[in-house]
Structures are given as structure tokens and as C-alpha cells.
Amino acid sequence: MSSVVIDVCVLLAYVAFTDQRTGRCRAVAEKIADKLGIKQSNVYLSVKRLREAQLLVRTADKRTGEIIHLVNPYLFSGGSLQQRGFMIKTYAEAIQRE
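Residues numbered from 1 in each chain as written. Predicted model: local features only at pLDDT ≥ 70, side-chain atom pairs only at ≥ 80, totals over all residues. Heavy atoms only, no water.

Draft legend 1. Layout of the pattern of salt bridges. Taken as a whole and assessed by the stated rule, the structure comprises 8 salt bridges. Note that aspartate 19 and arginine 21 form a salt bridge whose closest N and O atoms lie 3.5 Å from each other. We classify aspartate 19 as partly exposed; its relative accessible area is 25%. Judged by its relative accessible area of 58%, arginine 21 is exposed. (Salt bridge = Lys/Arg side-chain N within 4 Å of Asp/Glu carboxyl O. Buried < 20%, exposed > 50% of the residue type's maximum accessible area, 1.4 Å probe, protein only.)

Draft legend 2. Inspection of the state of the cysteines at higher detail. Counted by the stated rule, this structure contains 0 disulfides. Its sulfur unpaired, cysteine 9 is 15 Å from the next cysteine sulfur, which belongs to cysteine 25. On the basis of relative accessibility, which here comes to 1%, the residue cysteine 25 falls in the buried class. (Disulfide = S-S within 2.5 Å.)

Draft legend 3. Highlighting the confidence of the model for the chain. When the pLDDT values of the chain are averaged, the result is 92; 100% of them are 70 or greater. Model confidence for the chain, summarised as mean pLDDT per element, is weakest for helix 4 (residues 81–97) at 90 and strongest for helix 3 (residues 40–52) at 97. (pLDDT = per-residue confidence, 0-100. Helix = DSSP H or I, 4+ residues; strand = E, 2+ residues; numbered from the N terminus.)

Spelled out as C-alpha cells, the structure:
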């Protein structure tokens, strides 16, 4: 499988595991690899490329300190205007911190 196909699959897996109300994904690479049937190292490489392309950002939850991922809210969005605004704001802040 080509790296582009794997990257798309990994991105879609993160979307599938994302909490639609908050835009946050708490899935870890091991879980993504297991669901996709690929090596965990391939997930890490895909996440690196997705982060470089700003399609995915890694950040810490302000309340818990837990590491989470956010999918670029301009790719997929749902919920009310207020929820989308919150997701865009949270994503923009996380991108600036990277």
C-alpha cells in the first residue's frame, strides 16, 4: 500500500474516533493500527506527514493534560455554528503552539 493511501486511511480513522461535539480525538496509534490492520510504525509516519501538512495537530487537553489530536476543522465539520467556531479556534491555537 502506498504512503498516500495509508495517510488517507489514518486521517479517516482519526476522524472516525473524533468526538463530534469537541473535535478531539483521544485514539492512540496502537488503536488506529489495530483497526486498520497496519503496523504501528506506519501510523507514526502517517501522523508525522499529516501534521506537516497541517491536516492533523497534536496538543494537550487544557483540563487534563492528556495528549489529543485535532483534525483540521476545515476538512470535516459538524454541529452548530458555535461548536464549529470552537473547533476552529482550538485548532488554530494548537497549530500556533506547534
